[in-house]
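These are the residues of each chain, in order.
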Amino acid sequence: SQQGEEDPQALSIQEGENATMNCSYKTSINNLQWYRQNSGRGLVHLILIRSNEREKHSGRLRVTLDTSKKSSSLLITASRAADTASYFCATAAISGAGSYQLTFGKGTKLSVIP
Amino acid sequence: DGGITQSPKYLFRKEGQNVTLSCEQNLNHDAMYWYRQDPGQGLRLIYYSQIVNDFQKGDIAEGYSVSREKKESFPLTVTSAQKNPTAFYLCASSSSGTARGNQPQHFGDGTRLSIL
């Protein structure tokens, strides 16, 4: 099955800096979603961008989607220590069974240093 | 508050034993999912259910079984046939299931399963 791949695998920045994470995928999608996971916890949905959208904002988050390049980026502006977590992209596409499924990448581990 | 409750938080399995992980949601969601997460990896889909009394295999269903007798509950059994069960198991739900694919999934806080 297709899988999003995040880049970089790990990112360490100073508090106040911006953090950019990228996601690439292989086949056509219905939408792309970004999730956050704190250590030992479940995932929390951050933002969903549909295949006909190019950019979306939510607070300090900005997501772009380029379907021609099959890639997406997540920008976190003015990062805080509390943003330290793993970030996953997930692509929604029709599976072989004819229903939509989410396929997750391996994630980017972000560390924000106070 | 609405949400998804997974229990137990930690679980240990002996060789040859079946264990059942609980997942309950009070979000009134139709669809529920089970994922497995290995260290440093993304999530892989084990089983999903779009409606009561119906469920479908995901990418790694071998050695696992599920039931969906109630809308609120989607327990996962890790059978003795699953030879490498040590992982972090996450349950999720969504409002419109996979039929439209444009709804976010809500996750529980996971069960960490280890082998004794």
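Heads up: the structure comes first, above all this text.
What you see is a predicted model; the values in this text were computed from it and never measured.

Thresholds applied
Residues numbered from 1 in each chain as written. Chains lettered and ligands numbered in written order. Predicted model: local features only at pLDDT ≥ 70, side-chain atom pairs only at ≥ 80, totals over all residues. Heavy atoms only, no water. Helix = DSSP H or I, 4+ residues; strand = E, 2+ residues; numbered from the N terminus. Contact = heavy atoms within 4.5 Å. Areas by Shrake-Rupley, 256 points an atom, 1.4 Å probe, with all protein chains shown as cover. Lys, Arg positive; Asp, Glu negative; His and termini not counted. Charge placed at Lys NZ, Arg CZ, Asp CG, Glu CD. Pairing = 2+ DSSP bridges. Axes fitted to C-alpha atoms, helices over the stretch in contact; angles between N-to-C directions. Buried < 20%, exposed > 50% of the residue type's maximum accessible area, 1.4 Å probe, protein only.

## A few points about the overall build of chain B
(1) Moving on: Secondary structure assignment for chain B yields 1 helix and 11 strands.
(2) Moving on: For chain B, the α and β elements follow one another from N to C terminus as β-β-β-β-β-β-β-β-β-α-β-β.
(3) Moving on: With the C-alpha coordinates aligned to their principal axes, the bounding extent of chain B is approximately 40 × 30 × 30 Å.
(4) Moving on: Taking the intrachain contacts of chain B between residues at least 6 apart in sequence as the baseline, contacts between residues at least 24 apart amount to 55%.
(5) Moving on: When the accessible surface of chain B is totalled, it reaches about 5500 Å², and 46% of it is carbon and sulfur.
(6) Moving on: Charge-centre separation for chain B: the mean point of 12 positive side chains lies 4 Å from the mean point of 11 negative side chains.

## Focus: the sheet that holds strand β6 (residues 55-58) of chain A
Residue and element names in this part refer to chain A.
(1) Moving on: The strand order β1-β3-β8-β7-β6 describes an open sheet built from 5 strands, whose pairing is antiparallel. The sheet is open, and its two edges are formed by β1 (5-7) and β6, each paired on a single side. Strand-to-strand twist in this sheet, taken as the mean axis angle between neighbours without regard to direction, amounts to 20 degrees.
(2) Moving on: Pairing analysis gives 3 bridges linking β1 to strand β3 (residues 19-24), with the strands arranged antiparallel. By the bridge assignment for β3, E5 is matched with S24.

## Side note on the pairing of strand β9 (residues 85-94) of chain A
Residues and elements named next belong to chain A.
(1) Moving on: Where burial is concerned, most of β9 is hidden: 9 out of the 10 residues are buried.
(2) Moving on: Both strand β4 (residues 31-37) and β9 contribute to a ladder of 7 bridges, which runs antiparallel. Paired with R36 across the bridge in β9 is Y87.
(3) Moving on: Pairing analysis gives 3 bridges linking β9 to strand β11 (residues 108-113), with the strands arranged antiparallel.

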